[in-house]
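# Tertiary structure, described
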Amino acid sequence: MVIITIHLLTSITCFAQTKNPDISVITDFRAFSHGDATLPQEKGELNLNLQEIEAAVQGYLNPYARADIFFAKHGTAGELEIEEAYATFLRGLPWGINIKAGKYLVDFSKLNTLHPHAYFFIEQPLIHQLYFGGDGLNDTGVNVSVLLPTGDLYTQASLNVLKGDFLAGHQHEEAAVVDSLDSRQPLAYSGRLAVHSQVSEYANLELGLSGLSAVYDPHDDLRFLLFGFDYKYKWRPSRHTSLTFQGEALLNKRKIFVGEEETGEKRSITTGGFFSYLNLQFWQRWNLGVEGEWTQSPENKDEKYWSLALFGGFSPMEETSVVRLLLRRQQRPQETAFNAAVAQLVFSLGPHKPHEF
Amino acid sequence: MKNLSILFLIVLILNATAPMAAETKSIRVVTTLMDLASLAKVVGGDKILVEALVKENQDPHSIEVLPSYMVKLRKADVFLIVGMDLDIWAYPLRDGSRNAKLLTVDCSKNIDKLEVPAYKVDPSYGDIHLYGNPHYWLDPENGKAIMATIVDALSQVAPESHEEFVRNMQAYSQKLDEKIQTWQTEMAPFRDAKIIFYHNSWPYFVQRFGLQAANFVEPKPGIPPSPLHMTRLIQQIKEQGIKVIAMEPFYDDRVPNLISRETGAKVIKLPPSVGGTKTIEDYIGLFDYNISALVEALSN
């Protein structure tokens, strides 16, 4: 009886261990200085910040589905947030359909699905900050995707139905108050078509088209449409060397309300922006690159932003740590251009993950 | 009436040829490494079409998850992987292929694994594989175990060809046995010879051919060499009279060359996989090349 009990306990323990999901923690620490007059306490000083701690719990739920959950805490004072939490149904659906449900980074453009600690150029692009908000286009919803029969091309079409939480940062304050009383945020819809091709033995190219329709102010029924075009080219002749050229352009058509509540009128405006970077990986653990951005404000085409940055990185030990440096010159509307320097240390605990294109 | 007869004839011909077309349909096999592809080709013969994802001198540890690989897997029947955490990138490729009928087979299942950690593994030990050292195909005896796994996999997809697969495996196993004897005879004069390897990819090979891995250029698996480690290596090579530093072609050879200049030990490049040089066209060719390179280096 004792032997049977011990055997059972051992079996249960082994079973429990093999069922454990992959757990990893990534920390993003930064030292920075800048000449931004809108942040006088930081301007000209050496500032230190624990930008983010991210914990990931990932694994298969069963032979047909997996789950990915990411918790994040911004700074030492910030709250613990659920950055992403979604289940993906990978197999068992007709026509190879995949369904993802939960809270996730929406596949509007290629970069948006990447977590910011993985950016070569450290900081979120201006067009993402202005059009998606500080956390990127991250929302609760359902994603349905399918591979199209295009021979040797990998062509994926996907559709998202979104709750619209990402719009909270775009609402007018007075509208938000009214919304909380008598209106509900309408659902948003987005779609993406991405084509990937191996263009030569060592080079790959991905092109994507994205679209998003949402009501950003339910009170005044103000809607916008976003169109995106993105590209990524990577030439990787060896494990020591690679050249990546990636970028994204965005076109925004939206209704805005001009004037007072009673007498104002709705107008349509069109704005846009782009970013692009070139990154050279050399000697396997070193990289160097340049990034450029230009964009208009989503609600005022006369408000223009630009930025130019040089960046570099070094991975002392592949996978587990990386040190990056960014030197940026940036211009915002009605402000003088300023410089910024950011040093970043990213370190991670947990299992290695495969490198995605 | 004449038209009807012609139509009837066409239908008859189509019906007659349909089973033939089904019979000649090849099993599509995709492998992570070219070594598995080479062995699959031997076992499957003309019943299969096989393609490897890792080409020539790519390091199997650091393969990118490319959608173009998913396209290949989308059309495949069988996906042969090394397993033991070497080709971890195989799983997102499998998932991304959305191929519900794809049979994924871990070729390590019949292998007597070496260096399975008997302690709590963490990154302070370097890039240690939890399930043991995964470079098992570098012992030609293991080639036979891999073929047995491949026979099982192919027979699941085409049970009618099972006997043919077994015959092919037996014929190649016999050839391998003969070659193993030849290789061991060639290596016999160098029994217990000490070699510095760059990365710990060769324990199965070292065990089979009676060599000793005296040390590694990497102080721990996957960890770049430090100046202190290099100094110690130089001292060890001089003290023990080690003649050879062996490395995979895809690693940076600056540090091995520097050590070579200080010690006189010869740096040789041993491809760990089929296709590592243009002359290595199959699994037996891989050992022919590496044994020959080692014999030459150790003889001098």
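Here's a quick rundown of the structure. (Residues numbered from 1 in each chain as written. Chains lettered and ligands numbered in written order. Predicted model: local features only at pLDDT ≥ 70, side-chain atom pairs only at ≥ 80, totals over all residues. Heavy atoms only, no water.)

### Topic: the sheet that holds strand S2 (residues 48-52) of chain B
Residues and elements named next belong to chain B. With parallel pairing, the four strands of this open sheet are ordered in space as S2-S1-S4-S5. Both outer strands of the open sheet, S2 and strand S5 (103-106), are each paired with one neighbouring strand and no more. The average undirected angle you get between the axes of adjacent strands in this sheet is 20°. Across five bridges, strand S1 (residues 27-31) lies against S2 in parallel orientation. Residue pairing for S2: Val-29 is matched across the bridge by Val-50. Most of the contacts of helix H5 (residues 140-157) go to S5, to which it runs at about 165°, and overall it touches S1, S2, strand S4 (78-81) and S5. (Pairing = 2+ DSSP bridges. Helix = DSSP H or I, 4+ residues; strand = E, 2+ residues; numbered from the N terminus. Axes fitted to C-alpha atoms, helices over the stretch in contact; angles between N-to-C directions. Contact = heavy atoms within 4.5 Å.)

### Topic: the nonpolar core
Core analysis: the biggest nonpolar cluster contains 81 residues, and Leu80(B), Trp137(B), Ile146(B), Leu154(B), Phe205(B), Leu211(B) and Leu294(B) have the highest contact counts within it. Viewed by domain, this core spans two of them, domain 1 (27-182) and domain 2 (188-299) of chain B, each represented by three or more residues. If we skip the residues at most four places from it in the chain, Phe205(B) touches Leu138(B), Leu211(B), Phe287(B), Asn290(B), Ile291(B) and Leu294(B). Core analysis: the next-biggest nonpolar cluster, separate from the first, contains 37 residues, Ala56(A), Phe70(A), Phe166(A) and Leu250(A) among them. (Core = buried A, V, L, I, M, F, W, Y, C linked by side-chain atoms within 4.5 Å. Buried < 20%, exposed > 50% of the residue type's maximum accessible area, 1.4 Å probe, protein only. Domains from an automatic or database assignment.)

### Description of helix H4 (residues 90-97) of chain B
Residues and elements named next belong to chain B. H4 sits mainly inside the fold: six of its eight residues count as buried. Listed as buried for H4 are Ala-90, Leu-93, Arg-94, Asp-95, Gly-96 and Ser-97. A positive backbone phi angle near 55° is found at Arg-98, which sits one or two residues after H4.

### A few points about the pattern of salt bridges
In total, this model carries 26 salt bridges over all chains according to the counting rule given. Glu299(A) is the partner of Arg254(A) in a salt bridge, and the nearest nitrogen-oxygen pair spans 4.0 Å. With Arg254(A) in strand S11 (residues 241-258) and Glu299(A) in the loop between strand S13 (286-297) and strand S14 (300-314), the pair connects residues that are 45 residues apart, well separated along the chain. Judged by relative accessible area, which is 2%, Arg254(A) ranks as buried. A salt bridge links Lys269(B) to Asp253(B), with the shortest nitrogen-to-oxygen separation between them at 2.9 Å. Pair noted here: Lys269(B) is in strand S9 (residues 266-269) and Asp253(B) is in the loop between strand S8 (244-247) and helix H9 (254-263), with a separation of 16 residues, a long-range link. Of the residues examined, Lys269(B) reaches a relative accessible area of 34% and is grouped as partly exposed. Classification of Asp253(B) by relative accessible area gives partly exposed; the value is 24%. One salt-bridge network, held together by shared partners, links Lys110(A), Arg192(A), Glu206(A) and Asp230(A). (Salt bridge = Lys/Arg side-chain N within 4 Å of Asp/Glu carboxyl O.)

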